[in-house]
Structures are given as C-alpha cells and as structure tokens.
Amino acid sequence: MLKPRTQRPNRPNSLGGMDFVDPVKKGGVVRKIIVAACLIAICITIIKITPNFGTPSPFSRHESGITHVLVTGGAGYIGSHASLRLLKDTYRVTIVDNLSRGNLGAVKVLQALFPEPGRLQFIYADLGDPKAVNKIFSENAFDAVMHFAAVAYVGESTLDPLKYYHNITLNTLVVLEAMAEHNVNTLIYSSTCATYGEPDKMPITEETSQNPINPYGKAKKMSEDIILDFHKNSDMAVMILRYFNVIGSDPDGRLGEAPRPELREHGRISGACFDAARGITSGLKVRGTDYKTADGTCIRDYIDVTDLVDAHVKALEKAQPGEVGIYNVGTGRGRSVKEFVEACKKATGVSIKVDYLPRRPGDYAEVFSDPSKILRELNWSAQYTDLEKSLRVAWRWQKLHVNGYGPAKASL
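Conventions we followed
Residues numbered from 1 in each chain as written. Predicted model: local features only at pLDDT ≥ 70, side-chain atom pairs only at ≥ 80, totals over all residues. Heavy atoms only, no water. Pairing = 2+ DSSP bridges. Helix = DSSP H or I, 4+ residues; strand = E, 2+ residues; numbered from the N terminus. Axes fitted to C-alpha atoms, helices over the stretch in contact; angles between N-to-C directions. Phe/Tyr/Trp six-rings, centres within 6.5 Å; stacked < 30°, edge-to-face > 60°. Buried < 20%, exposed > 50% of the residue type's maximum accessible area, 1.4 Å probe, protein only. Lys NZ or Arg CZ within 6 Å of the ring centre and 35° of its normal. Core = buried A, V, L, I, M, F, W, Y, C linked by side-chain atoms within 4.5 Å. Contact = heavy atoms within 4.5 Å. Left-handed = near helix turned anticlockwise from the far one by under 90°.

*Asks:* Kindly report on the sheet that holds strand β4 (residues 92-97), identifying the contributing residues and their values.
*Replies:* Across the sheet, which stays open at both edges, the seven strands sit in the order β5-β4-β3-β6-β7-β8-β13 with parallel pairing between neighbours. Each edge of the open sheet is held by one strand with a lone partner, namely β5 (120-124) and β13 (324-329). Taking each pair of neighbouring strands and ignoring which way they run, the sheet shows an average axis angle of 15°. Bridge count for strand β3 (residues 68-72) against strand β6 (residues 144-147) is four bridges, and the pairing is parallel. Paired with Val69 across the two strands is Ala144, which belongs to β6.

So this is what it looks like as structure tokens:
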C-alpha cells in the first residue's frame, strides 16, 4: 500500500510548468513598489520646488532690457565680426550656420570671449530646411534677425547660378516666413552693391537703378524684392544694407577672414593678395586691364569690416516698426585694383608677383558709393579709411593663422 504523499507547505502549486506567485511574496513585492513610487514622487516634488527647476533657457524667453539677435551665417567672415560687436554691446546672440562657408573656429573664439550663460549660443542648421528653421524660431525668443548667410562670390555665381538663387533667394524666403510665423519683427538684411550692376554715373546712390549683371547680384535683388513686397502688408522694421567691397579684420586680432582653399580663385582680392604674400599661390592674378578707368583696372569702394558691422548696429538701433531703410555702406571713394595691389605690397612687406589676365565674367568697371544718406539718417560714416592700414591689420591675423582657425603660428 502506497503511503500518501506529503505536500511541502511552502511550495506553490504549479500549472503547465509555471509557478503561481506566493501571496506572501506578492504582497512584499507590491509594498516595495509602493514605497519606491512614494520615494520617486517625493524626489520629483523636491526637484520641482527647486528654484532653477523647469526654468527655460535664457534664449527661449524675452527679457526686458536685453535684445536677442539671430545672426544667420554668424560663423562667416562678416557674420562673426558682427556677432563680436553685438556681444561687446551686451546683446544676446544666437548664431545659426551650416558651416558650408563659415568657420567653427570663429564661433569657438566668440564662445571663449563670452562664456557667460545666456550670452551666445551656436546652432548648426541649414536655412534651406524650413522645418529646421521653424524649430529654431519656435524654441528661441528672437527680437531681431541679422541675415548674413549667403554664398557671395561673383565669379562662382556665373558658374553655378542655381546654387546662388537657392542659397540666397530661397533661403531668405524661408527666414522671412519663419519671422512672420513667430512674430519676429525686425530684420537687418545683408545686401550688396552688386544689385546696381554697372550704372551710367558715379557715385551710386540708393536711388540708382538696380540692374544686376551677375547671378549673385540678381539673387540679392530678388531677396530685396521679396522683403519689400512682404513689408507692404506688415509692420516689420526692415533695414537693407548694400555693402561695397569688404576688407580688414578685428583690430584686436581675434577674428579674420579664412575662406576655404578650394574657393580662393573666387574670393576677395585681399585674400588673393595675402595668399600670394604667404607663398600659398605663385602670385596675384588681376583680371581685366582694359576697363575704361584711369589705369585700366576695376575701381571699387573698399569698406573695412569694423565699419561695416558698426553700420549694422546703428541700423538695428534705428529700426522702426512699419518702416524700411535702404542704405549704401561704403567710404564714398573708389580705388583701382592696381592701387589696391600696391597698398597690399606695402602692408605685407612682400614684393607680390602680379599676372594680368583677361576680364572675369560678370565684373563691372567702376563702382563706388555715395554714403550721404546713411550719414544723414543713421549718423554713420566710415572711420577706417586708410587702405594700407586696414590691410596691415588683416595681414597680422593672416600671418598668425596659416591654417585659418587652426593652431596659431607665424608663417613669416
């Protein structure tokens, strides 16, 4: 006779290979969960009553007495210098740049100079992406926009015009739409004397007819037209600044011009002179010696970047809701390319070899400004008008930055 099986008291019944949880153990687990939940709730409560918890970023809220400026293309040559000036003047600055032409090194210089919270932030983004731009505007409380971001080489624009219409005109439209959607009502627009083309008479005033002759100038004029048409039914404050030829760098040597090597042939004449002086290129190529000018070379109005950014700050200070201001930003004096080359030789102390070549497509013979309107209305005039001195200041930075914003070292 088989003995009855004795059931072990603490073993749970099983079914299909699965154990049922012992009620006692289950209750213990539940209690632990409840205790843990209570502790978490207490911690959350403590954190929430901490003064800084949930405080929005300074960049995401408007503050009395602080003007928050979005600087598009703020990692570029002019944009970085403008950002430096704004920061020095206690503005709050957000730089947006896709670094296709700008330099992250310039942003790092600015971050090192102004490390305090709420002063400067950098956002990597492409203005051609409407979703990204809208997100930036939705997450930040901008008071004004300085729109510098653009490809900006006349020669390149004749070779790749679609890039220019997309990058300049379409991107400006995206920025303007975001401003309208998020009630940002002050725009300082970076334009160019290239919108005038080749006028019949000099100097150029703001009333001179705009007949651009290259895609760069045409794309900028289209952007101006879009802004002005939008403004007809808007109370936005708009300032359009038409620059002449920009040279120079930060007088204190913190920032400079560092174009990408592959763009040297399209770049500014100052960069070409410095490359020749440093031996990066075999010499300077001057395109066009048969223009109807005194020495046969093009005549341009060279404006120091320090003066240029000062004009932007004055434009921002004077911008009024519902009003449009359009201004030439130049010295009012034309200098020939040959004059410029001689000044560069003196500034660098290098006997630069010069090769004279045929004209470059899209160039014009003579362009210089009449800056009387900006003097009259914004109380601005160029202060850094010694061409050789401006080049000497820029040359100091170039010598210490052989690799642009890479490690600093002297090349000569």
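*Asks:* Break down the packing of aromatic side chains for me, with residues and values.
*Replies:* Summed over the entire model, instances satisfying the criterion amount to five aromatic pairs. With 4.6 Å between their ring centres and 40° between their planes, Tyr302 and Phe340 make a pair best called tilted. Pair noted here: Tyr302 is in strand β12 (residues 302-304) and Phe340 is in helix α10 (residues 337-348), with a separation of 38 residues, a long-range link. Neither residue differs from the other here; Tyr302 and Phe340 are each classed as buried. Taking the ring centre of Tyr356 as reference, the NZ or CZ of Lys338 above it sits at 5.4 Å. Across from the ring centre of Tyr291, 4.1 Å away, lies the NZ or CZ of Arg359, which sits over that ring.

*Asks:* An account of the nonpolar core is requested, with residue identities and associated values reported.
*Replies:* Residues Ile78, Leu86, Val246, Leu316, Val329 and Trp380 are the most contacted members of the largest nonpolar core, which totals 46 residues. Ranked by residue count, the leading element in this core is helix α9 (residues 305-318), at seven residues. Residues within four places of Val329 in sequence aside, it is in contact with Leu241, Arg242, Tyr243, Phe244, Ile303, Leu308, Ala311, Ile374 and Trp380. Among the nonpolar cores identified, the runner-up in size contains 38 residues, and Ile168, Ala178, Leu263 and Val367 belong to it.

*Asks:* Break down the packing of helix α4 (residues 130-139) against helix α6 (residues 161-181) for me, citing the residues and quoting the values.
*Replies:* Interaxial distance between α4 and α6 falls to 10 Å at its minimum, and their mutual angle equals 35°. Once α4 is placed against α6, the crossing between them reads as right-handed. Contact residues: α4 offers Pro130, Val133, Asn134 and Phe137, while α6 offers Val174, Val175, Ala178, Met179 and Glu181.

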